[in-house]
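Reading the structure
Spelled out, the chains give:
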Amino acid sequence: MKTKLTNMMLGLLLLGMVNTVNAEVLTYTSCTVEDPTSFVTALSSFYDEMRAVPATDRPSAAVLQSLWNGPNPTTHSITASYADYAALEASNARIATNPGGLATFSRTMASVAKCSTEGLLIRRGIWGNENADWEFLALYPLTVSDTGAYVKAFDKFANSRIGQAAPGPVVLWENRAGGQGATHLVVFTAPSLAALNAYIDSLFASKDYAGFVAEVKSIRKLGQGSQSRRILTLEP
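My aim in this report is to walk through the structure given alongside it, one point at a time. Values in this document were obtained by computation on a predicted structure and should not be read as measured data.

1. Quick notes on the pattern of salt bridges
Charged atoms that come close allow side chains of opposite charge to pair. Inspection of the entire model under this criterion finds three salt bridges. As a salt-bridge pair, arginine 229 and glutamate 135 come within 2.4 Å of each other at their nearest N and O atoms. With arginine 229 in strand 9 (residues 226–234) and glutamate 135 in the loop between strand 4 (113–127) and strand 5 (136–144), this pair connects stretches of sequence that are 94 residues apart. According to the relative accessible area criterion, arginine 229 is partly exposed, its value standing at 36%. Residue glutamate 135 is classed as partly exposed on the basis of its relative accessible area of 24%.

Right, dumping it as structure tokens:
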């Protein structure tokens, strides 16, 4: 594994907030994992070691397992949230405080996973109950040519009857770095796979969504959707 990718993964673990959807800034790393058990164990072990590092804010992160993502080889992703850019910078600086743990973590991760994608997201809006429990998510990458117009239209849609019926938080992210060509991501969450897909079925059949699509069709190109399950949350 390249050093850059290893450091990025560590940065995800060292400073965050309890719920990833509550962040202003979110970092992610996507991996193809050969040994899921060792992968999760390595993340958890290093996280536990970092609990002893003095810090005003304690870290939090999440591990997502890919369920359906087409030809994308990613099997797992790590996300972490930050209150702002300063918190992200402090997190990266804190990596060096535990060189022994860093070395062990790097060796273990290099033997069980290949991580080739990382990125930085900025939250542009969140709708619904931010504190609602969720386990599953559907992610839709977008290419948007007019961010201001799109955010305005999405806010109108998210506050419609069908938008407010979402079973979990709905989040609009902007890709600040990475993203493989996408400018934005829309994430729908739900407590179960059935609830998630039942809502998506009703969403696509609704007049509110049809009106939204008509409004943004000239400024939005929809990419390939994917679905994942949150299998681990690392909290203080």
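2. Re the nonpolar core
Within the largest apolar cluster, 26 residues are counted, with the highest numbers of intra-cluster contacts made by Tyr150, Phe154, Phe188 and Phe212. Contributing elements (two or more residues each) for this core: strand 5, helix 5 (147–158), strand 6 (170–177), strand 7 (184–190), helix 7 (193–204) and helix 8 (207–216). Core analysis: the next-biggest nonpolar cluster, separate from the first, contains 24 residues, Leu43, Ala80, Ala87 and Leu232 among them.

3. Structural notes on the state of the cysteines
Counting across every chain of the model gives one disulfide. Paired through a disulfide, cysteine 31 and cysteine 115 show a sulfur-sulfur distance of 2.1 Å. In this structure the cystine formed by cysteine 31 and cysteine 115 twists about its S-S bond by roughly 100°; its chirality is therefore right-handed. Of this pair, cysteine 31 sits in strand 1 (residues 25–33) while cysteine 115 sits in strand 4; the two residues are 84 residues apart in sequence, bridging distant segments of the chain. Under the relative-accessibility criterion, cysteine 115 is labelled buried at 5%.

4. With respect to helix 7
Along an α-helix, residues three or four positions apart point the same way, because every turn accommodates 3.6 residues. Here helix 7 contains 12 residues, and its C-alpha end-to-end distance of 17 Å stays within 8% of the 16 Å for a straight helix at 1.5 Å per residue. Of the positions making up helix 7, those classed as buried are Leu196, Tyr199, Ile200 and Leu203. The buried residues of helix 7 occupy an angular sector of 100° when projected down its axis, which confines them to one face. Opposite the buried face of helix 7, at more than 90 degrees from it, the exposed residues are Ala194 and Asp201. Of the surrounding elements, those touching the buried residues of helix 7 are strand 5, helix 5, helix 6 (161–164), strand 7, helix 8 and strand 9.

Each value, and the rule that gives it
- Residues numbered from 1 in each chain as written.
- Predicted model: local features only at pLDDT ≥ 70, side-chain atom pairs only at ≥ 80, totals over all residues.
- Heavy atoms only, no water.
- Salt bridge = Lys/Arg side-chain N within 4 Å of Asp/Glu carboxyl O.
- Helix = DSSP H or I, 4+ residues; strand = E, 2+ residues; numbered from the N terminus.
- Buried < 20%, exposed > 50% of the residue type's maximum accessible area, 1.4 Å probe, protein only.
- Core = buried A, V, L, I, M, F, W, Y, C linked by side-chain atoms within 4.5 Å.
- Disulfide = S-S within 2.5 Å.
- Expected span 1.5 Å × (residues − 1).
- Arc of directions from axis to C-beta.
- Contact = heavy atoms within 4.5 Å.

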